[in-house]
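Chains, contacts and geometry: an overview
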Amino acid sequence: MQLVKIYGLGQQWKGGNMKHSAGGGQKINLLRENLVRYKDDKTKIILFSDSYDVIFTQVPEFILDKFQAFKPARIVFGAEDFCWPDKDLQYAYPLVESNEKRFLNSGGFIGYASDIYEMISSKEKTADDDDDQLFYTKIFLDEFSRTKWSIVLDKRADIFMNLNGAIDEIQLPVLNDENYVHNSWTDSVPTVIHGNGPAKRGLNYLSNYIARVWSPTKGCLQCKENLIDLNQITDHQQWPMVYIAIFIEYTTPFLREYFDKILNLTYPKNRLGVFIHNQVEYHKELTEKYMTKFKENDYQFVKYFHHDDDITEGEARQQAITECQENKCDYLFVIDSIVQLDNSDTLMKLISLNRSVISPMLLRPEKTWSNFWGDYTDEGFYKRSSDYLDIINNSKTGIFNVPHIAHCYLINGSLLKSFTPQYIDMRTDPDLKFCQSLRDDGHFIYLTNEIKYGHLIDPDNFNTSLIIPELYEVFSNLHDWKARYIHPDYYKALEPNTTLQEPCTDVFWFPMVTEAFTRDLVELMEKFNGWSGSAHNDHRLTGGYENVPTDDIHMTQVDFNEHWLFILREFVQPIQQKLYTGYYSDPPKAALNFVVRYMPEYQYKLRPHHDASTYTINLALNDVGKDYEGGGCRFLRYNCSMASTIRGWALIHPGRLTHLHEGLPVIKGKRYIMVSFIDP
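Residues numbered from 1 in each chain as written. Predicted model: local features only at pLDDT ≥ 70, side-chain atom pairs only at ≥ 80, totals over all residues. Heavy atoms only, no water.

1. Regarding the overall build of the chain
A tally of regular secondary structure across the chain gives 17 helices and 40 strands. Taken over the C-alpha trace, the chain has a radius of gyration of 35 Å; the compact-globule value for 680 residues is 26 Å, which it surpasses by more than 25%. By residue count, 54% of the 680 residues in the chain fall in the buried class. For the chain, long-range pairs separated by at least 24 residues make up 77% of all intrachain contacts whose partners lie at least 6 apart in sequence. Accessible surface, the chain: about 31,400 Å² in total, of which carbon and sulfur atoms supply 49%. Positive and negative side-chain charges in the chain, numbering 70 and 92 respectively, have mean positions lying 3 Å apart. (Helix = DSSP H or I, 4+ residues; strand = E, 2+ residues; numbered from the N terminus. Rg over C-alpha atoms; globule rule 2.2 N^0.38 Å. Buried < 20%, exposed > 50% of the residue type's maximum accessible area, 1.4 Å probe, protein only. Contact = heavy atoms within 4.5 Å. Areas by Shrake-Rupley, 256 points an atom, 1.4 Å probe, with all protein chains shown as cover. Lys, Arg positive; Asp, Glu negative; His and termini not counted. Charge placed at Lys NZ, Arg CZ, Asp CG, Glu CD.)

2. A look at the state of the cysteines
The tally for this structure, following the rule as stated, stands at three disulfides. Cys324 shares a disulfide with Cys329; S-S distance 1.6 Å. Because the sign of the S-S torsion sets the handedness, a value of about -65° for the bond joining Cys324 and Cys329 places this disulfide among the left-handed ones. Cys329 shares its class with Cys324; the two are buried. Bridging Cys504 to Cys640, the disulfide has an S-S length of 1.8 Å. (Disulfide = S-S within 2.5 Å.)

3. Section: helix H8 (residues 284-296)
Here H8 is 13 residues long and its end C-alpha atoms lie 19 Å apart, about the 18 Å a rise of 1.5 Å per residue gives. The set of residues buried in H8 consists of Thr287, Tyr290, Met291 and Phe294. Projected onto a plane normal to the axis of H8, the buried residues spread over an arc of 115° and lie on a single side. Of the exposed residues in H8, the ones pointing more than 90 degrees away from its buried face are Glu285 and Glu296. (Expected span 1.5 Å × (residues − 1). Arc of directions from axis to C-beta.)

4. As for the UniProt feature "domain: Fe2OG dioxygenase" (unreviewed entry) in the chain
Taken from the UniProt record, the annotation "domain: Fe2OG dioxygenase" (unreviewed entry) applies to residues 587-680. Between the C-alpha atoms that bound residues 587-680 the distance is 13 Å, and the span itself is 0% helix and 50% strand. (UniProt positions renumbered as here; feature names shortened; annotations may be inferred.)

5. Here's the deal with the nonpolar core
One finds Ile246, Phe294, Phe333, Ile411, Phe510, Leu521 and Trp564 to be the most contacted residues of the largest nonpolar core, which totals 141 residues. In this structure Ile411 touches Ile321, Asp330, Tyr331, Leu332, Ser356, Val357, Leu416, Tyr423 and Phe434, once residues within four positions along its chain are discounted. Within the second largest apolar cluster, 27 residues are counted, among which are Tyr38, Phe109, Ala113 and Tyr117. (Core = buried A, V, L, I, M, F, W, Y, C linked by side-chain atoms within 4.5 Å.)

6. Describing the domain arrangement of the chain
Segmenting the chain into domains produces domain 1 (25-220), domain 2 (230-456) and domain 3 (469-678). Summarising the inter-unit geometry, the C-alpha centres of domain 2 and domain 3 are found 42 Å apart. Taken together, the eleven residues of domain 2 in the interface contact eight residues of domain 3. The contact between domain 2 and domain 3 buries some 800 Å² in all, and 52% of this surface belongs to carbon and sulfur atoms. Three residues, Pro253, Phe254 and Arg256, lead the burial of domain 2 against domain 3; their summed loss comes to 57% of the area buried on that side. Joining domain 2 to domain 3, the criterion identifies one salt bridge. Among the ionic pairs, Glu257 bridges to Arg484, the shortest N-O distance being 2.7 Å. Linking domain 2 to domain 3 there are three residue pairs in polar contact (both at pLDDT 80 or more). (Domains from an automatic or database assignment. Buried area = accessible area lost by both parts, 1.4 Å probe. Salt bridge = Lys/Arg side-chain N within 4 Å of Asp/Glu carboxyl O. Polar contact = N/O pair within 3.5 Å; in protein donor to acceptor, adjacent residues only side chain to side chain.)

Below is the structure:
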């Protein structure tokens with residue numbers, strides 16, 4: 001019969017600062033007290049193991065078979081590569097082969113009950129603060145004792161694998177759709193995996209794959225266990241109370257979308273509270289606007305700390321923990337400003353996974369930069385784990401025990417009842433301190449990538465001195481730039497079965513940009529206010545003369561030309577190749593890219609002309625009938641006019657020779673268009 005007993009659980013350890021298990025001499029005393037009933041049993045087999053840093057990978061029968069292979073040994077201790085705690089005793093140990101473990105480790109041993117009891121009772125009562133490994137080491141090194149109880153070491157790690165100093169020996173091959181631990185140095189398949197000493201992060205890594213929690217074909221086997229289904233609670237007033245902690249610690253692009261996505265989280269608003277710390281004056285107005293929106297949406301409370309309050313990031317994060325503890329919130333959901341939660345079900349999903357601390361995996365799009373570490377160095381800095389790329393590329397999906405998370409995570413309030421994570425340490429960043437405090441206290445940190453939750457913003461090059469900063473983020477944050485500025489129907493125009501409208505011969509139009517883009521581009525130009533005045537003499541041009549001048553501002557004047565050339569290549573060239581097959585120029589070249597302004601009291605039309613281009617883009621930036629009346633473009637050869645343009649839609653037409661055209665008169669208001677002469 002198999003019987004599992006746990007000794008020392010909940011008892012205070014009397015010999016140091018470890019809080020999770022009894023230790024040292026106290027472990028020996030606990031074992032002696034509980035084995036006295038078996039002191040005369042010469043057939044019962046006892047396996048002793050440390051608890052909180054050990055994983056069993058096989059059933060007891062498997063372990064017993066391995067133990068029997070050690071006959072005539074009566075007691076088998078685990079072994080390791082370090083002689084501890086007394087290094088001077090290493091010279092007393094018997095020599096072993098080069099691929100064997102020489103030194104005793106007391107974290108795990110197996111043997112017959114009568115022999116174990118006699119061994120641990122052979123000395124006078126042990127003090128609780130004595131060292132258990134030294135106790136067993138002296139017994140083993142005494143040849144009389146070693147022979148009396150037939151004590152041997154598991155030199156080849158057939159049963160006990162002590163990871164300290166040996167994590168690089170471990171491989172995780174697959175057998176019968178199951179990962180198992182293989183020691184490549186000793187060529188063994190150990191069963192009791194012990195994360196002794198500083199090897200606990202290695203054990204945590206292994207815990208993601210061994211002991212039947214992971215399948216190479218089925219993926220995460222633990223992901224369906226112990227889940228919480230909030231939909232079973234029909235009364236939303238009984239749903240958990242969640243405090244959302246928002247941290248704006250540096251200038252961040254696309255903050256409007258950040259706030260909107262938090263507002264759109266699928267969760268009863270009256271079961272949410274918001275704690276905001278804004279360190280950035282630039283974001284003050286927008287933050288206060290969304291504070292009002294949170295209140296209008298019946299959030300239970302909204303608390304705001306801004307840079308004038310002189311609260312550091314670490315202090316603010318610590319205050320959020322305190323608020324949750326004092327008000328007995330059920331969860332604290334931390335969301336930094338660089339987080340874009342594209343999945344509105346993120347909060348409910350994280351709650352359902354039922355972990356003490358869990359983070360959704362978030363990446364910078366098309367990058368390997370994420371919000372978690374798979375490993376860290378002995379000095380506490382980032383180190384890439386062997387499975388990092390598999391996780392971020394979703395080759396492996398599930399729930400992973402990781403050493404470090406940042407920017408977005410859910411803390412279970414039950415953890416905060418007994419433990420207070422720490423953020424404040426002058427020597428390190430708040431996020432590093434937070435994770436270190438969790439690890440030091442023995443709490444696991446989890447990451448999930450089962451579904452797509454969102455992504456990270458890159459704030460590094462965000463220049464708030466620009467008139468419209470987000471407009472320039474096309475290189476640093478293309479994903480978010482496209483979401484804000486590219487027309488939602490643009491990609492439909494690229495589909496093979498989509499036929500683009502052809503209002504005039506070889507003149508097509510298509511949805512290209514959003515109203516936000518047109519509005520921001522017009523605002524940029526008006527605030528820059530460097531209109532050319534429709535003059536023929538133009539110092540901006542090579543040669544200094546414009547034959548058919550317009551009242552315009554060049555993209556080079558507002559440092560947007562390189563950005564616009566990228567937009568032409570990324571979004572205009574695919575349309576050109578679909579419409580005008582056989583012509584290919586990569587990248588498209590455009591020396592003249594400019595915004596034109598028409599108004600009755602100034603330049604209100606443009607005489608007939610050919611463009612100096614192979615093809616031209618003409619993008620409408622405001623609304624006919626609303627912002628202006630009249631206007632449009634007439635192609636003389638085909639006697640075809642385009643007067644009803646659509647904001648955000650682009651006309652594309654050949655330039656030289658065939659498409660002589662003119663700008664029709666604007667009779668009221670102001671008309672803005674963006675023009676590019678491509679491949680002159």
